[in-house]
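Understanding the architecture of this molecule
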Amino acid sequence: MYEKMDREILADLYLSRNGMDFLSELVESYGARFGGSEEERAAANFLVEQFEQAGADAAWTEAFPCTSWKRKSTTLVATEPESKAFDCIALPYCPPGQIEAPLVFLGDGHPQAYEENLEEMQDAIVMVTTATPKFYHRTMHRGEKLGRAIEAGAAGFIWMRGEPGGLPETGSARFGRACEIPAISVSYEVGHEILRLSKNGELRLKIESDNEIFETESLNAVAELRASDDNPEHIVVGAHYDGHDISQSAADDGAGTAVLLEALRALAPHKHNLKRTIRFVGFAQEEMGLMGAEDYAGKHVDDEIRFMLNLDGAGRGEKVSFVLQGWPETMEYFRDMAREMFETDISVGDSPSLYSDMYPFSARGIPSATLRSTPPATSGAPRGYGHTYWDSLDKINPRYIQGDAARVARMLLRLCTQESLPFTYKEPAEIGALLTEMGFDKVLRYEGRPVPGE
Ligand SMILES: [Zn+2]
């Protein structure tokens, strides 16, 4: 039954430059779209206009209050064994203030390194790299590495990039709130300079920050393609349109936002066939701690959201992964769907993550997944150029946006036309138990976030 619609969707997307044009305008006219900034709110209104032009039945913004942050000056200098200044950037939510303390380096931040240095970390500046710890069974996010240092009584934190290239790596220090201690980032090369200096005797570093933390509001941008009958069930698909203040944030997640818009545009002519409504959401403030998704999921938890698909990292490469968030019993259904669509490059798995906009949904028991594509290997870093100065438009091939928009539109078409869906809600406590089994309860506590169901 899908053949004719599939052909039209594919032809429409692959013959259109709309996705790339949208992305260019987003990054060139609305800058970094940093969470809580004027640019971010203007980008939300731009996205609403684009949703309307693409054929949405309705589009609007939903405002929510939030804590934002403004980058001002931050300096890092060695005071002992000699005086020396280093290039650095602050992590968002780095508070204003000044500290001077000895350095403790924990390498890639294996939990064992934290345990062995509990006393040394007290009142020290803890430096750890962005690399995945060797000989550990999972990755460790910045939020966990920083949270463990704060828990141990550190006075400051340095996030050292794990790969060469002269790039410090940004990322918010806390989830939607001021960090307790100054938190900054240095490049791999600067990190090594600091480590060399520490070989000449006790190294003391001074961090001075006059960054600003303030209260404001942000806007989620929402659009709807309505089902033909009045079935209250719907599907949410979302991407975060906000970015980091130091770059264009073209891949993370401007490209995902372009995929979102293009999926809407390609599905609009087929909406009379939909049995479930689709909500397309451009989330604000993801980079500052999933604040837009948290607000949306909280406000709409009683709506009948049958599935949530997140597009953080879609539209930036050719190898595509579709990762369920604690519904492994559903993998076979989606594998069958990929086969039926003849999308041989989609890999389907289940691996819950705490770090993007699907999490506020999965934590509430709403079946959810994330679809992303892997950028071509142009940098050895796990995030590629994401969260650095050079997450820029030049990395995006229009074909990536077209390809992922086609995958997403065809999946949504299937999810919204089948009589019944073979997956169900879970209790938040069930998700909490699953995360606890994986050791993520401790991680959430380090980050100052609740465990679902508690
Ligand atoms: Zn992202």
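Residues numbered from 1 in each chain as written. Predicted model: local features only at pLDDT ≥ 70, side-chain atom pairs only at ≥ 80, totals over all residues.

**Observations concerning the overall build of the protein chain**
Rules: Helix and strand assignments follow DSSP, with helices taken as H or I runs no shorter than four residues and strands as E runs no shorter than two, numbered in order from the N terminus. Radius of gyration here is computed from C-alpha atoms only, and the compact-globule reference equals 2.2 Å multiplied by the residue count raised to the power 0.38. By definition, residue pairs are in contact when their C-beta atoms, positioned from the backbone, come within 7 Å.
A count of helices and strands for the protein chain gives 14 helices and 16 strands. Taken over C-alpha atoms, the radius of gyration comes to 22 Å for the protein chain, in line with the 22 Å a tight globule of 454 residues would show. Seen through its C-alpha atoms, the protein chain measures out along the principal axes to roughly 75 × 45 × 40 Å. When contacts within the protein chain are restricted to residue pairs at least 6 apart in sequence, those whose partners lie at least 24 apart make up 82%.

**A closer look at the sheet that holds strand 9 (residues 204-209)**
Heads up, the rule is: Strand pairing follows a simple DSSP-based rule, namely that at least 2 bridges must link the two strands. Where helices are involved, their axes are fitted lines through C-alpha atoms of the stretch in contact, as for all axes, and angles between N-to-C directions lie from 0 to 180°.
One open sheet holds the eight strands; their spatial order is 3-2-9-5-6-7-8-4, and the pairing between them is mixed. Lying at the two open borders of the sheet, with one neighbouring strand each, are strand 3 (84-86) and strand 4 (89-90). Both strand 6 (residues 125-129) and strand 7 (residues 156-160) contribute to a ladder of five bridges, which runs parallel. Within strand 7, the residue paired with T129 across the bridge is M160. Against the sheet, helix 6 (residues 142-151) touches strand 6, strand 7 and strand 8 (183-186), its axis set at about 150° to strand 7. On top of the sheet, helix 7 (residues 188-197) reaches strand 2 (74-80), strand 3, strand 5 (97-105), strand 6, strand 7 and strand 8; it is set at about 155° to strand 3, its chief contact.

**Side note on the sheet that holds strand 11 (residues 234-240)**
With mixed pairing, eight strands are arranged side by side in an open sheet as 1-10-12-11-13-16-14-15. The open sheet has two edge strands with one neighbour each: strand 1 (58-70) and strand 15 (346-350). If you compare each strand with its neighbour and ignore which way they point, the axes differ by 20° on average. In the sheet, strand 11 pairs with strand 12 (residues 277-283) via seven bridges, with the strands oriented parallel. Looking at strand 12, one finds that G238 is bridged to V281.

**Here we look at helix 12 (residues 398-415)**
So the rule is basically this: Here the expected span of a helix is defined as 1.5 Å times the quantity of residues minus one. The burial label depends on the number of other C-beta atoms within 10 Å of a residue's C-beta. Counts of 20 or more mean buried, 12 or fewer mean exposed, and intermediate counts mean partly exposed, with C-beta atoms placed from the backbone.
Over its 18 residues, helix 12 extends 26 Å from the first C-alpha to the last, a length consistent with the 26 Å expected when each residue adds 1.5 Å. With 15 of 18 residues buried, helix 12 lies mostly within the body of the structure.

**Focus: the domain arrangement of the protein chain**
Stated precisely, the cut-off is as follows: Residue ranges for the domains originate in an automatic or database domain assignment. Asp, Glu, Lys and Arg are counted as charged, while Ala, Val, Leu, Ile, Met, Phe, Trp, Tyr, Cys and Pro are counted as nonpolar; the rest, among them Gly, fall into the polar class.
Taken domain by domain, the protein chain holds domain 1 (3-69 + 214-423), domain 2 (83-210) and domain 3 (428-454). Computed over C-alpha atoms only, the centres of domain 2 and domain 3 are separated by 25 Å. Counting residues at the interface gives seven residues for domain 2 and five residues for domain 3. The residue makeup of the side of domain 2 that touches domain 3, split by class, is one nonpolar, two polar and four charged.

**Some details on the environment of A56**
Mapped onto the elements of the fold, A56 is located in the loop between helix 3 (38-53) and strand 1. Residue class for A56 comes out buried when judged on the 24 C-beta atoms lying within 10 Å of it. For the pair formed by A56 and N45, sequence separation is eleven residues and the distance between their alpha carbons is 14 Å. Discounting residues that sit within four places of it in the chain, A56 has contacts with F51, A223, E224, L225 and L264.

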